[in-house]
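Understanding the architecture of this molecule
Here's the letter readout for the chains.
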Amino acid sequence: MNWDQIRKNWPECKSQVKQHWSKLTEGDIASINGDRAILQRRLTERLGSTKEQAEKDSEKALKDAQA
């Protein structure tokens, strides 16, 4: 699965995002809507992650979703 597929299948994928990052709010999840850049911004805002860490975390989540 790639980010285009995640965007297309967001309703199915967002539960995994909620599980992976429980500090994200329902509003965060809704605004992300499968967009990697928005996910990364929310990770930096809510979790205090650096931009680099948010990029790594979002890529790891993509790989985990493929498993």
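To be clear, the structure that these remarks concern was listed above.
Residues numbered from 1 in each chain as written. Predicted model: local features only at pLDDT ≥ 70, side-chain atom pairs only at ≥ 80, totals over all residues. Heavy atoms only, no water.

In an α-helix there are 3.6 residues to a turn, and that puts residues three or four apart on one side. Here helix α2 (residues 10-20) has its buried residues at Trp10, Cys13 and Val17. On an axial view of α2, the arc spanned by its buried residues comes to 65 degrees, and they lie on one face. Those residues of α2 that are exposed and aimed more than 90 degrees away from the buried face are Pro11, Glu12 and Gln19. Of the surrounding secondary structure, the elements contacted by the buried residues of α2 are α1 (3-8), α3 (26-32) and α4 (36-47). (Buried < 20%, exposed > 50% of the residue type's maximum accessible area, 1.4 Å probe, protein only. Helix = DSSP H or I, 4+ residues; strand = E, 2+ residues; numbered from the N terminus. Arc of directions from axis to C-beta. Contact = heavy atoms within 4.5 Å.)

Right, let's get into the side chain of Ser58. When you line up the elements, Ser58 lands in helix α5 (residues 51-66). Classification of Ser58 by relative accessible area gives buried; the value is 0%. A distance of 3.0 Å separates a polar side-chain atom of Ser58 from the backbone oxygen of Glu55. When sequence neighbours within four positions are dropped, the list of residues in contact with Ser58 reads Trp3, Trp21, Arg36, Leu39 and Gln40. (Polar contact = N/O pair within 3.5 Å; in protein donor to acceptor, adjacent residues only side chain to side chain.)

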